[in-house]
Amino acid sequence: MLKLERRPTPSQFWSRATPVLAVALTVVAGGIMFALLGKNPFEAIRTIFWDPLFGEFAWYLRGQLMVKAGPLILIAVGLSLGFRAGIWNIGAEGQYIMGAIAGAALGLAVFPTENRLIFPAMVMAGALGGWAWAMIPAILKTRFNTNEILVSLMLVYVAQTVLAMASTGFLRNPEGAGFPGSRNFSGYEAARNGFLWEGAGLHWGGVMALATVVAAYVLLQRHILGFQIKLSGQAPRAARYAGVKPDRLVVLCLGVAGALAGMAGLFEVSGPAGQISIDFNSGYGFTAIIVAFLGRLNPVGILFAGLLMALTYIGGEMAATNLGLPSAAIQAFQGMLLFFLLACDLLTNFRIRLAKREAH
Amino acid sequence: MFGGIDPSLLIASLMMASVPILLAALGELVVEKAGVLNLGVEGMMIMGAICGFITAVETGSPMLGFLGGAVGGAALSLLFAVLTQVMQANQVASGLALTLFGIGFSSLLGQSYVGIKPPHLGAVPFGPLADIPFFGKVLFGHDLFVYLSIAAVAAIWAFLKYARGGLILRAVGESHDAAHALGYKVVRIRVLAIAFGGAMAGLGGAYLSLIRVPQWVDGITAGAGWIALAIVVFASWRPWRALLGAWLFGGITVLQLNLQAAQAGIPVEYLSMSPYVITILVLVLMSSGRGKTALNAPACLGQNFHAAR
């Protein structure tokens, strides 16, 4: 009979090792799933994890890695601050959409002016859009004690309808012959988020993501605010005695997460996506939740987790075209990863002991 | 503005539209009464929707389909039970995992079922009663599950209020340590509650794919599971108020669809976002009212239980 014994302090070793173990278990379970779908599991796993990095088209796909990882990291770092403090913002997808709309609207409003300041202004507007959208659950939480999980999630659906309105209405390309979708930013030099380093797939979004990782690391390790965030997550009562104002923290964590998600949306719409369209959002806001946990809510961990998750996106697309693996399989695969991660966390907080059955 | 809408039809379709969220909300209500916060309702619902759909199409029997839906939802909820009750994982994160996985996995299962019509489940034959003007349509023109869902409200209310089992369940939700000290098996009771919640959410999902829509489309639940979670808060953990809440949201959904069809001059987008916006407004109203909702919440909601001894 196995018995769980709570560790006095979480194990440092297992805290590092669980993500690796979880990924390994997910690969095994995913292989079984692919086999059940009638695909060769070894070939599928190789296509997803190996070929994008070292295969025939690696020269192109390696660049794609940062393109996909950028927004994931940017959003996940923001979310991780809140998750650490016990503030559950799960509506990053909506903040991402609203950031993209706000930033794109500014760019399109001044079209076709050419000015160096346009792109930075768009980034600011994107951050502001995401921030404003995140302020709705934040203010409702602090003023009316409304559950931020439900409100932020509901706002994703609202944002999606706003996106539909934007692409068929107020942001529609006037020269687009009535088709939905905005003007394409690829033809608008001042507002375009082009590649800074083509081979590495690095655009301003990637740079921002890397800078955010560093900033968040410093915040959590060296700043009083980071300490307060960690403290209120682990011991809310102690935090209140230590003078931490919970309301301020809610506004701050949601605001930062919203602003980062909004920026990610703007970088995407002005770069890889190119335009506002009805199905512009691709679920980064939800996948970022997995990334945040896979990175153990640690900025550096999130950097690696984001790259790994980007790999499953790219590998999944390759497996879809080469092996006919349904794209939904990758979504299920990513969900599975979160399951294994949460399950493996047991090892961090508990010791598993062999215990003799006691007499009752 | 309401010119083209027949009120008896509106009420009848309101009752139909509210069934999925009512079933899911009732299940979640029992789970939360046991002190467990399962945010995976959306995922369990969508798994129920696809499992029910596949079973119904393959067997040709809608009733077996509903059974399949309940089994699908319960199976996924057991994953949550293992994670939170055995592995001591965070309940919020596990619930989210359930939803993310359920949406992906259901779309994987449903690949070859897009565009198929499921077998039809007709209205319960009430004979001449259904021909009564107005009331016939409102009260006696529904399929079995409309009546079953209302019966479930009564059953759960009675169970929680009068049955010994209900008392134990509430004790576990209010203070798991005290319940444990009294010798109740906290983990076992919670696992049973979670499985019940999963089965109810699965039934609700199956109702969506078999009767309400009725076909399989990716992401068929479109937030219904989250609205069910909001209804539990709205109901402040009381079954009859959950029925009220479900009818309110069913009414809004039906009304906005009717207004879209009637081209009432309100842009379609405003109408289709209205259920979500109104959910938020209702949540605000409920939670701001002198903290009464918070007082009614089970005291151990969302806390994991680990028996040290």
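Conventions used here
- Residues numbered from 1 in each chain as written.
- Chains lettered and ligands numbered in written order.
- Predicted model: local features only at pLDDT ≥ 70, side-chain atom pairs only at ≥ 80, totals over all residues.
- Helix = DSSP H or I, 4+ residues; strand = E, 2+ residues; numbered from the N terminus.
- Rg over C-alpha atoms; globule rule 2.2 N^0.38 Å.
- Buried ≥ 20, exposed ≤ 12 C-beta atoms within 10 Å, placed from the backbone.
- Contact = placed C-beta atoms within 7 Å.
- Nonpolar A, V, L, I, M, F, W, Y, C, P; charged D, E, K, R; others polar.
- Pairing = 2+ DSSP bridges.
- Axes fitted to C-alpha atoms, helices over the stretch in contact; angles between N-to-C directions.
- Left-handed = near helix turned anticlockwise from the far one by under 90°.
- Expected span 1.5 Å × (residues − 1).

**A word on the overall build of chain B**
- A tally of helices and strands in chain B yields 13 helices and zero strands.
- Listing each helix as α and each strand as β along chain B from the N terminus yields α-α-α-α-α-α-α-α-α-α-α-α-α.
- Taken over the C-alpha trace, chain B has a radius of gyration of 20 Å; the compact-globule value for 309 residues is 19 Å, and the two agree within 12%.
- Reported as C-alpha extents along the three principal axes, the dimensions of chain B are approximately 65 × 45 × 40 Å.
- When each of the 309 residues of chain B is scored for burial, the buried share is 52%.
- Of the contacts formed within chain B by residues at least 6 apart in sequence, a portion of 77% connects residues at least 24 apart.

**Section: the overall build of chain A**
- Along chain A, the regular secondary structure elements total 15 helices and four strands.
- Radius of gyration (C-alpha) of chain A: 22 Å, near the 21 Å computed for a compact globule of 360 residues.
- In terms of principal-axis extent, the alpha carbons of chain A reach across some 80 × 55 × 35 Å.
- Expressed as a percentage of the 360 residues in chain A, the buried residues total 52%.
- Across chain A, contacts joining residues at least 24 apart in sequence account for 79% of those joining residues at least 6 apart.

**Re the interface of chain A and chain B**
- Each partner contributes to the interface: chain A provides 39 residues, whereas chain B provides 38 residues.
- Elements with a contribution of two residues or more to the side of chain A that touches chain B: β1 (2-6), α6 (118-144), α7 (148-170), α12 (284-294), α14 (327-344) and α15 (346-349) of chain A.
- The element contributing the most residues to the side of chain A that touches chain B is α14 of chain A, with eleven residues.
- When the residues that make up the side of chain A that touches chain B are grouped by side-chain class, the tally is 29 nonpolar, eight polar and two charged.

**Examining unusual backbone geometry**
- P112 of chain A follows F111 of chain A through a cis peptide bond whose omega is 0 degrees.
- With respect to the element layout, P112 of chain A can be found in the loop between α5 (92-109) and α6.
- If you check the backbone angles, Q88 of chain B has positive phi at about 60 degrees while not being a glycine.
- Positionally, Q88 of chain B belongs in the loop between α3 (62-86) and α4 (91-109).

**Digging into the pairing of β1 of chain A**
Residues and elements named next belong to chain A.
- For β1, the tally of buried residues reaches only zero of five residues, placing the bulk of the element at the surface.
- Taken together, the five bridges between β1 and strand β4 (residues 350-354) define a ladder with antiparallel strand orientation. Across the sheet, the residue bridging to L4 is I352, located in β4.

**Brief notes about the packing of helix α2 (residues 41-59) of chain B against α3 of chain B**
All names here are of chain B.
- Contact pair α2 / α3: the axes reach a minimum separation of 7 Å and the direction vectors enclose 145 degrees. The crossing of α2 and α3 is right-handed.
- For the contact of α2 with α3, the residue count by class is 14 nonpolar, eleven polar and no charged.

**Examining helix α8 (residues 204-222) of chain A**
All names here are of chain A.
- Taking 1.5 Å of rise per residue, the 19 residues of α8 would be expected to cover 27 Å, and the 26 Å separating its terminal C-alpha atoms lies within 8% of that figure.
- For α8, the set of buried residues is W204, G205, G206, M208, A209, T212, V213 and A216.
- Turning to α8, the residues buried within the fold contact α4 (58-84), β2 (195-197), β3 (202-203), α11 (246-270) and α13 (299-323).

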